[in-house]
Amino acid sequence: MDLLTFKRGVHPPHGKHLSEHKPIEDYTPKGELVFPLSQHIGAPCESLVKKGDKVLVGQKIGEAKGFGLSTIHSSVSGTVKNILPMMTASGNKIPSIIIENDNNYETISLPKEKRDYTKLSKEELVDIIRETGIVGMGGACFPTHVKLTPPADKNIDSIIVNAAECEPYLTCDHRLMLEETKKIVIGLDIILKMFPKAKGYIGIENNKLDAIKLMNDAAKSFPNIEVKALKTKYPQGAEKQLIYSITKREVPSGKLPADVGCIVQNVGTMHAIYKAVSFGLPLTERIVTVTGEAIKEPKNLRVKLGTSVRELIEACGGFKEDPIKVISGGPMMGMTLSTLDIPVIKGTSGILCLTKTQAVLPNPTNCIRCGKCVDACPMNLIPGKLKSLAERHEYDEFEKLNGLDCIECGCCTFVCPAKNHLVQSIRTAKRVVIANKRKK
């Protein structure tokens, strides 16, 4: 088997053995649900409900009125208890709709028959995807309908499904591929109907051989879809690295995948597109991996958006020892949580609970100029230099050295023998540079 890969990268411990063989379980929420009105890039949505309103499963409760926004739908039926800022995984308080679940799960009116996507125009398909609130479910939450409407001068010839799931510990995409195989392939075929000159590729790392086999079998009846086996290496699932692995095209600095003829979508996004187009189902649930050495029973759960992280941990038997750190996402790119009382949103791929053995980093020491961070950086940057510029607030020079190209994958921090917090410093500098650009 010829394995495709990209330049540089690292090989962190997988940790996937804890949950990769755990079938998806449905979880029914017990408490009230919280729906942040920003589950995408950009400003929060506009609330369509007010305190005291009754809502149904699938009802639109947040309206997107701007570029980069995505609609929000209720995952339960019940009563709007309040609308106020609530804590999220980012550490910020975001305006949120709090719904008291009535446990009846009354649903909005949906199409009575399965829709034939081959008879729908591109415009109709994009409208469905926009109205059902689908975003990139790998964690970035970029609105899918925006990706699917590139400028007219972009010649899209490759639709790539990101099935790498390179982030350690996470197995939600893997399980989805094993249990909902055909639906993912049909989701890709729906996108290909919008771009008739394009070919579809599904990139899967070779530590998921069972998924590669099943997806290959499912794709056989689709001549314009091909499964590509990828070398297991982090960050194989990063957009630009995945494009290079499969097409050998490099996305230039400051450019987007569409500039090299590609659109990349996550496995979960493909599955959501299938459900939205075929049955009119808005995005109201997702698969979440709850795992880590501190969890009693690691699981892959099908979770209704708005469910509390605390509930999910309890559903997995709680902690077998006090965690030193709980992360939303994976250990390389996830966000450390300050509280368990935050909701699952569209981009919540995992809840990782680590013990002191896995999570405590030694104190940083002086850089020894070994160059390991340069060798590891998949974006061909000089992380040590960027860190120094960030700490000295030399933001013009930081930008000249392409600091904004950093994808914050954490490879540099992972390999640094001095244990310097490279990606953290670079991330902070990026935010300052971007904020300064917006002011100008």
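Heads up: the structure comes first, above all this text.
Please read these numbers as outputs of a predicted model, since none were measured by experiment.

How each quantity is defined
Residues numbered from 1 in each chain as written. Predicted model: local features only at pLDDT ≥ 70, side-chain atom pairs only at ≥ 80, totals over all residues. Heavy atoms only, no water. Helix = DSSP H or I, 4+ residues; strand = E, 2+ residues; numbered from the N terminus. Rg over C-alpha atoms; globule rule 2.2 N^0.38 Å. Buried < 20%, exposed > 50% of the residue type's maximum accessible area, 1.4 Å probe, protein only. Contact = heavy atoms within 4.5 Å. Polar contact = N/O pair within 3.5 Å; in protein donor to acceptor, adjacent residues only side chain to side chain. Disulfide = S-S within 2.5 Å. Core = buried A, V, L, I, M, F, W, Y, C linked by side-chain atoms within 4.5 Å. Pairing = 2+ DSSP bridges.

Participant: Looking at this model, I keep getting lost on the overall build of the protein. Mind explaining?
Facilitator: From N to C terminus, the protein includes 14 helices and 17 strands. For 440 residues, the compact-globule estimate of 2.2 N^0.38 gives 22 Å, and the C-alpha radius of gyration of the protein, at 21 Å, lies within 12% of that figure. Principal axes of the C-alpha set define a box for the protein whose edges measure 65 × 50 × 50 Å. Taken across its 440 residues, the protein has 54% of its residues classed as buried. Counted over contacts in the protein with a minimum sequence separation of 6, partners at least 24 positions apart contribute 74%.

Participant: Honestly, the side chain of Ser328 in this entry has me stumped. Any pointers?
Facilitator: In this fold, Ser328 is placed in strand 15 (residues 325-328). For Ser328, the residues in contact, after removing those within four places along its chain, are Ala89, Gly334, Met335, Leu337, Thr348, Gly350 and Ile351.

Participant: Is there a simple way to think about the environment of Lys60 in this case?
Facilitator: Among the secondary structure elements, Lys60 is positioned in strand 5 (residues 60-63). Measuring from C-alpha to C-alpha, the distance between Lys60 and Thr357 comes to 44 Å, with 297 residues separating the pair along the chain. Beyond its immediate sequence surroundings of up to four residues, Lys60 is in contact with Leu48, Thr71, Ile72, His73 and Glu131. A distance of 3.4 Å separates the side chain of Lys60 from the side chain of Glu63, its partner in a polar contact. Engagement of the side chain of Lys60 in a polar contact is seen with the side chain of Glu131, the distance being 2.7 Å.

Participant: Mind showing me how you'd approach unusual backbone geometry here?
Facilitator: Trans is the prevailing form of peptide bonds, just as negative phi is the prevailing case for residues other than glycine. In this chain, Tyr234 is followed by Pro235 through a cis amide linkage whose omega measures 0°. Mapped onto the elements of the fold, Pro235 is located in the loop between strand 11 (225-230) and helix 6 (239-247). Even without being a glycine, His393 presents a positive backbone phi close to 60°. If you trace the backbone, His393 turns up in the loop between helix 11 (383-391) and helix 12 (395-400). The exposed category is assigned to His393, whose relative accessible area is 56%. In this model, Asn402 sits at a positive phi of 65°, which is unusual for a non-glycine residue. For Asn402, the location among the structural elements is in the loop between helix 12 and helix 13 (411-415).

Participant: Would you mind going over the state of the cysteines with me for this structure?
Facilitator: Such a bond, covalent and formed between the sulfur atoms of two cysteines, is termed a disulfide. Counting across every chain of the model gives zero disulfides. Lacking any disulfide linkage, Cys45 is separated from the closest cysteine sulfur, that of Cys141, by 12 Å. A relative accessible area of 7% means that Cys45 is categorised as buried. The cysteine Cys262 is free of any disulfide, with Cys166 supplying the nearest cysteine sulfur at 17 Å.

Participant: Where do I start with the nonpolar core in this structure?
Facilitator: What tends to happen in soluble globular proteins is that the nonpolar side chains get buried as a cluster. Counting residues in hydrophobic clusters, the biggest one holds 71 residues, and the most contacted among them are Ile159, Ile191, Met194, Phe195, Ile202 and Ile204. No other element matches the eight residues that helix 4 (residues 181-194) contributes to this core. When residues no more than four places from it in sequence are discounted, the contact partners of Ile191 are Ile129, Leu148, Ile159, Met270 and Ile273.

Participant: I keep staring at helix 6 and nothing clicks. Help me out?
Facilitator: Every α-helix carries 3.6 residues per turn, so stepping three or four residues along brings you back to the same face. For helix 6, the tally of buried residues reaches seven of nine residues, placing the bulk of the element in the interior. Looking at helix 6, one finds that the buried residues are Gln241, Leu242, Ile243, Tyr244, Ser245, Ile246 and Thr247.

Participant: Explain the sheet that holds strand 8 (residues 93-101) to me, please; I cannot follow it from the model alone.
Facilitator: The pairing of strands in a sheet comes from backbone hydrogen bonds and takes either a parallel or an antiparallel form. The strand order across the open sheet formed by four strands is 2-8-7-4, and the pairing between neighbours is antiparallel. What marks the edges here is a single partner per strand, and that holds for strand 2 (33-36) and strand 4 (54-55). Alignment of strand 4 against strand 7 (residues 78-87), held across two bridges, turns out to be antiparallel. From the neighbouring strand, Val55 faces strand 7, where its bridge partner is Gly78.

Participant: I would appreciate a short explanation of the sheet that holds strand 6 (residues 72-73) in the present structure.
Facilitator: With antiparallel pairing, three strands are arranged side by side in an open sheet as 3-5-6. Across the chains shown, the open sheet's two edge strands, defined by having one partner strand only, are strand 3 (46-47) and strand 6. Here two bridges tie strand 3 to strand 5, and the two strands are oriented antiparallel to one another. Each bridged residue has a counterpart across the sheet, and for Ser47 the counterpart in strand 5 is Gly62.

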